[in-house]
Amino acid sequence: MTRKTIKYSFGAVVLIIAVSAFFAYKEYNRKQKDVAELSAAYTLSSDEILKAFSTDEKAANLKYLDKVISIKGILKSNNKDDEGTYTVVLGDSSSMSSVRCTMDSIHNGEAALLKTGESISVKGVCTGFNADEMLGSDVILNRCSIKNN
Amino acid sequence: MKKISTVFILFILSFQAIQAQGKFFTKTGKINFNATAPSSPEKIEGVNKAVTCVIDIKTGNMQFAVLMKGFEFERALMEEHFNENYVESSKFPKTEFKGSVSNNATVNYTKDGVYPVKVKGKLTMHGETKEVETDGKISIKGGKINATASFSVAFADYKITIPTLVSDKIAKKANIEVDCSLEPLK
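Remember, predicted model here, so these are calculated numbers, not experimental data. (Residues numbered from 1 in each chain as written. Chains lettered and ligands numbered in written order. Predicted model: local features only at pLDDT ≥ 70, side-chain atom pairs only at ≥ 80, totals over all residues. Heavy atoms only, no water.)

So, the overall build of chain A
1) Next: For chain A, the count of helices and strands is 4 helices and 6 strands.
2) Next: Along chain A, helices (α) and strands (β) appear in the sequence α-β-α-α-β-β-β-α-β-β when read from the amino end.
3) Next: Taken over C-alpha atoms, the radius of gyration comes to 23 Å for chain A, far larger than the 15 Å a tight globule of 149 residues would show.
4) Next: Overall, the C-alpha framework of chain A stretches about 85 × 35 × 30 Å when taken along its three principal axes.
5) Next: In chain A, which comprises 149 residues, the proportion classed as buried is 41%.
6) Next: Taking as baseline every contact in chain A between residues at least 6 positions apart, the subset at least 24 positions apart corresponds to 61%.
7) Next: With an accessible surface of roughly 8,700 Å², chain A has 58% of that area assigned to carbon and sulfur atoms.
8) Next: Of the side chains in chain A, 19 bear a positive and 18 a negative charge, and the two mean positions are spaced by 15 Å. (Helix = DSSP H or I, 4+ residues; strand = E, 2+ residues; numbered from the N terminus. Rg over C-alpha atoms; globule rule 2.2 N^0.38 Å. Buried < 20%, exposed > 50% of the residue type's maximum accessible area, 1.4 Å probe, protein only. Contact = heavy atoms within 4.5 Å. Areas by Shrake-Rupley, 256 points an atom, 1.4 Å probe, with all protein chains shown as cover. Lys, Arg positive; Asp, Glu negative; His and termini not counted. Charge placed at Lys NZ, Arg CZ, Asp CG, Glu CD.)

Focus: the domain arrangement of chain A
For an interface, size is often stated in terms of accessible area lost upon the parts coming together.
1) Next: For chain A, the domain assignment lists domain 1 (1-30) and domain 2 (35-148).
2) Next: Its C-alpha centre places domain 1 of chain A at a distance of 46 Å from the equivalent point of domain 2 of chain A. (Domains from an automatic or database assignment.)

Focus: the environment of Gly60(B)
Residue and element names in this part refer to chain B.
1) Next: Relative to the helices and strands, glycine 60 is located in the loop between strand E2 (45-56) and strand E3 (61-67).
2) Next: Between the C-alpha atom of glycine 60 and that of lysine 130, which follows or precedes it by 70 residues, the distance is 20 Å.
3) Next: If sequence neighbours within four positions are ignored, glycine 60 has contacts with Gly99, Ser100, Val101 and Asn104.

Given below as C-alpha cells:
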C-alpha cells in the first residue's frame, strides 16, 4: 500500500463518518412538518368523516389515522383555552357530535378571525375518534390550519 | 287532578334539570407526559390538548379519554417512537380512566375554593388495565371546576418495554400531569 492510498482511504472514512453524523443529527433534530404545507390525503365534509367513524371505527382508523385530511364544514364553535390555543369545532349545531380541530401554534391566529356559522375548511392530522353517548362522538384533528373557502 | 299532574310533571322536569346540572365536562383538557430519566440530557415530554373529561359532582365519578396520537412532542422522531414503538397507538388508539373522587363529600361544589381530593380508579392503556390512585385538586371558581392531578405510571405495568439502549434517557415511569377546566353539561 502506498502512502497515497492510505491517505485517501483515511480521508474517505472520515468523510463517511462526518456525513452519517450529519444526517443522524439532522434526523434527531427533525421538527414536525407544517401541515399547512402538506397536501391532504383525503378531502371530505365533517358529516362524511363523522359517518365513516360512527359506522365502522376500525376501518376509518385504518384509513384516516395519522393522515393529513382536509375537512369542510360549518363552524359550530371556536374555543380558546387559557394558553390561547384555539379549538375549531365543525359540524351540525343540532348534533352533539363534531369534528374538533386543535390549531397548530403557528396557525393559531387564523382561528381568531372566524365567525360561527361560517363555512370553512380545516387541514390537520387525524388523531382518532372519541365515542361518547353523553357528550357526543368526535373526530379529532391536531396541528390544524384554516383554509378559507 | 290536573293540578297534581302539573306539579308532578314540574317535579320530574326540575329533577331532570338537577341531574343534568350535576355533570361537568371538557373536551379540551390537557395532559402532560414526562418520561425524562434523571441522567437524560434531553427532555422526553409530550402534551395532549384534546382530553375529554366528565365529572359527576353528585357521585364523584369521573372519566377521562385520551387519544394517544394526539400527544405532541418537540422532536418528530420522538413522537414517532412514542407512537410506533412504545404505546403502539395504531393498535391501541385510546387511553381511558374510569374512577371516582373518594372524598367527594368534602368538596363543596357550590362554594369557591381549592379542595384537595383523592382519586381512585382504573386506567386502561396499551391494552392493559390497572388500578391507579392519586392526589389531586379541585378548584371551584364562578361555577366552573378546574381539576388537576399529578401521578406516575410505570411502563412495565402496561407492558410497554423500553429498550436498554435508551434506558438512560427514558425513565421507567412516566409522570402524568392532568389539567382540566370543566364546564357544566347542559
